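Examination of the molecular architecture
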Amino acid sequence: MTGAEIVMHAEDVHKSFGRLEVLKGISLEVTKGETICIIGPSGSGKTTFLRCINHLEKIDSGRIEVNGHLIGYRQRGDRLVEDSERNIARQRTQIGMVFQRFNLFPHKTALENVTEGPIQVLDMEKRHAVDKAKMLLSRVGLADKVDTYPGKLSGGQQQRVAIARALAMQPALILFDEATSALDPEAIGDVLYIMGELAHEGMTMIVVTHEMGFAREAADRVVMMDDGLIIEEGTPEHFFVAPEHARTKLFLSKIL
Amino acid sequence: MHALVAVDLHIIWQQVFHPHSVFFRTLWATVYISIISQAAGVLLGLLAALARMSRFAPLRWISGVYVWIFRGTPVLVQIFYIYFAFSWPTLHFGFWTVPDAAIAGIVALSINEGAYMREIIRAGIDSVDRGQMEAAKSVGMTYGMAMRRIILPQAARVIVPPLGNEFNNMMKTTSLVYTIGVFEMFAFAEQNYSQFFIADYFLAVAVWYLMLTTVWTFIQAYIERRLAVSERGDELSFRERLQAAWNPMTSWARGGGG
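Below is a summary of the structure that appears in this document. Bear in mind the structure is a predicted one, so any value in this text is a computation, not a measurement.

**Description of the overall build of chain B**
- A tally of regular secondary structure across chain B gives eleven helices and two strands.
- When its helices and strands are written in sequence order, chain B yields α-α-α-α-β-β-α-α-α-α-α-α-α.
- Every one of the 258 residues in chain B was classed for burial, and the buried ones make up 41%.
- Put simply, 70% of the contacts in chain B that link residues at least 6 apart link residues at least 24 apart.
- Put simply, chain B shows about 14,200 Å² of open surface, and 67% of that area lies on carbon and sulfur atoms.

**What about the packing of helix 7 (residues 143-173) of chain B against helix 9 (residues 200-228) of chain B?**
Residue and element names in this part refer to chain B.
- For the pair helix 7 and helix 9, the least separation of the axes is 10 Å and the interaxial angle reads 170 degrees. Of the possible angle classes, the one that applies to helix 7 and helix 9 is roughly antiparallel. Across the interface between the two elements, Ala156, Arg157, Val160, Pro161, Gly164, Asn165, Phe167, Asn168, Met171 and Lys172 from helix 7 touch Tyr209, Leu212, Thr213, Trp216, Gln220, Ile223, Glu224, Leu227 and Ala228 from helix 9.
- Across the contact of helix 7 with helix 9, the residue classes break down as eleven nonpolar, five polar and three charged.

**Thoughts on the interface of chain B and chain A**
- The interface of chain B with chain A comprises 23 residues on the first partner and 28 residues on the second.
- For the pair chain B and chain A, the two sides together bury roughly 2,200 Å², of which 55% comes from carbon and sulfur.
- At the boundary of chain B with chain A, the tally comes to two salt bridges.
- It is helix 6 (residues 130-138) of chain B that contributes the most residues to the side of chain B that touches chain A, eight residues altogether.

**Regarding the packing of helix 2 (residues 21-52) of chain B against helix 3 (residues 57-72) of chain B**
Residue and element names in this part refer to chain B.
- Where helix 2 contacts helix 3, the axes come no closer than 7 Å and their chain directions differ by 135 degrees. It follows that helix 2 is oblique to helix 3 by the angle criterion. Crossing hand, helix 2 versus helix 3: left-handed. The residues of helix 3 that touch helix 2, namely those facing Leu44, Ala48, Ala51 and Arg52, are Leu59, Arg60, Ser63 and Tyr66.
- The class makeup of the residues in the contact of helix 2 with helix 3 is five nonpolar, one polar and two charged.

**So, unusual backbone geometry**
Residues and elements named next belong to chain A.
- Non-glycine residue Glu178 carries a positive phi angle of around 45 degrees.
- Within the secondary structure, Glu178 is located in the loop between strand 9 (173-177) and helix 6 (185-200).
- Accessibility expressed as a relative area gives 13% for Glu178, which makes it buried.
- In this structure, Asp227 is a non-glycine residue whose phi angle is positive, near 50 degrees.

**Examining the pairing of strand 1 (residues 6-17) of chain A**
Residues and elements named next belong to chain A.
- Inspection of the sheet shows strand 1 paired to strand 2 (residues 20-31) by nine bridges, in the antiparallel sense. Note that in strand 2 the partner of Ser16 across the bridge is Glu21.
- Linking strand 1 to strand 2, which pair antiparallel, is a turn of two residues; within it Gly18 sits at a positive phi near 60 degrees.
- Strand direction decides the pairing type here: strand 1 and strand 4 (residues 61-66), joined by five bridges, are antiparallel. Paired with Met8 across the bridge in strand 4 is Val66.

The rules behind these values
As a convention, each chain's residues are numbered from 1 in the sequence order in which they are written. Starting at A for chains and at 1 for ligands, labels are handed out in the order in which the entities are written. It should be noted that, the model being predicted, local features are given only for residues of pLDDT at least 70 and side-chain atom pairs only at 80 or more, the latter also being counted only at that level, while totals for whole chains, interfaces and linings use all residues. To get the side-chain values, all heavy atoms of the structure are used, and hydrogens and water are removed first. Secondary structure elements follow DSSP: runs of H or I of four or more residues count as helices, runs of E of two or more count as strands, with numbering from the N terminus. Think of it in three bands: with a 1.4 Å probe and only protein chains considered, a residue is buried below 20% of the maximum accessible area for its type, exposed above 50%, and partly exposed in between. Note on definitions: a residue-residue contact is assigned when non-hydrogen atoms from the two residues lie within 4.5 Å. Only the protein chains shown count as cover for residues, and the accessible areas themselves come from Shrake-Rupley with a 1.4 Å probe. The angle between two axes is taken between their N-to-C directions and runs from 0 to 180 degrees, where each axis is a line fitted to C-alpha atoms and a helix contributes only its stretch in contact. An angle below 35 degrees is read as roughly parallel, one above 145 as roughly antiparallel, one from 65 to 115 as roughly perpendicular, and any other as oblique. Each residue gets one of three labels, nonpolar for Ala, Val, Leu, Ile, Met, Phe, Trp, Tyr, Cys and Pro, charged for Asp, Glu, Lys and Arg, and polar for the others, Gly among them. Put simply, buried area is the surface a 1.4 Å probe can reach on two separate parts but cannot reach once they are joined, added for both. Should a side-chain nitrogen of Lys or Arg be within 4 Å of a carboxyl oxygen of Asp or Glu, the pair is scored as a salt bridge. A clockwise turn of the near helix away from the far one marks a right-handed crossing, whereas an anticlockwise turn of less than a right angle marks a left-handed crossing. When DSSP finds at least two bridges between two strands, those strands are taken to pair.

The structure is reproduced here in structure tokens:
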């Protein structure tokens, strides 16, 4: 992987909520086209780390860069100060996010959900954005739901719209925050299939998941987090055949 | 002297169906004072609500003191103070003249209304799921854009029903500005009464207030129905919304559920 373009670079990231330290020094590098699955028990800090990458959470120390740009902060001397809202917003256009609870805009149709970012934020021409959104929606199997409001879509359909919404921004990186945890088993398959396709096509993805089948098949690298630290990382083969760390073995034995 | 229950139907009939042309000027005054005060009150309430949620502490304090003072003192006192403590201009827009007292009245009613609207708007914004702001930010929106395009349109569904009730109140509360000499509907009735000493002029003006609030009930039901179109499940029909608007108890009891 040497020489590959680095999309996300995290270095010694610390984060506390009050007196509870949830990230105790996370360092991780993701190269272009890679799919990283972050696994680990709940409370291990996976989701918090993911939310730090697009600055939905502030970090206490360390640094996170996406495409070589520091996220959320500006370097001032040897200190980091929080960046302006406008700059943070601009950086987020590069980072798609798919949420556990979908978070579609309920007052907008499926199509409007997908075109909202490109039209309002990227200043894309409306006709162009609509064409692109229709293409993305048919790609996730929802060509017939273009004018439907989220309230009339099933969970799986909503999540697929959310994926299309993230893709419409043409981000350098997409974060998936337990994207299938709120879905029923049938819908999980649909959503994982689309995520697998994206991974296969070379989208750079960081996926927080409990779906070990997905991690095994789609991930280039699996990262195990526990108690605010990365305790083991490696290829899926390494992970699911011969994990090294006792904590990883215990976790996998429980979940598989 | 009139007997206790005697109602002079002739005067009611005349005042309601064949009012003097001067009456329409006072009706117009009531209507424009209500609309402008309510609109400005919503705007002030929105600003105060945003200030209340600001990261900048002094803005939160200002918002708190504003609501504390204007909800904690009588609106009549506010009207008098604002009218007599400052000098207000009389404005001319072609045929339409807005006297200084009306300006002062509008200012006082707006500021008072803003204090009540702040709570209503804040409750509306609070009712929107936190994930909405995060989703908006994750497609690159700034706070302001996310508020305008994502949060406030959803908050509107929660804000509009109590806002409608506020406007209903506003139309009636405007009668207070008669005390600083604004010639509006109630002032007209009062003037007639002091000339002829016939209480039925008050009854007649009550009918006019009732007509205004009733027309508003229909408009409110229409607006709420439009807002509910994209909402699943608890879509109320036009008739159900009318019934809710007419019966304050049921609309209050259901208020929490939106």
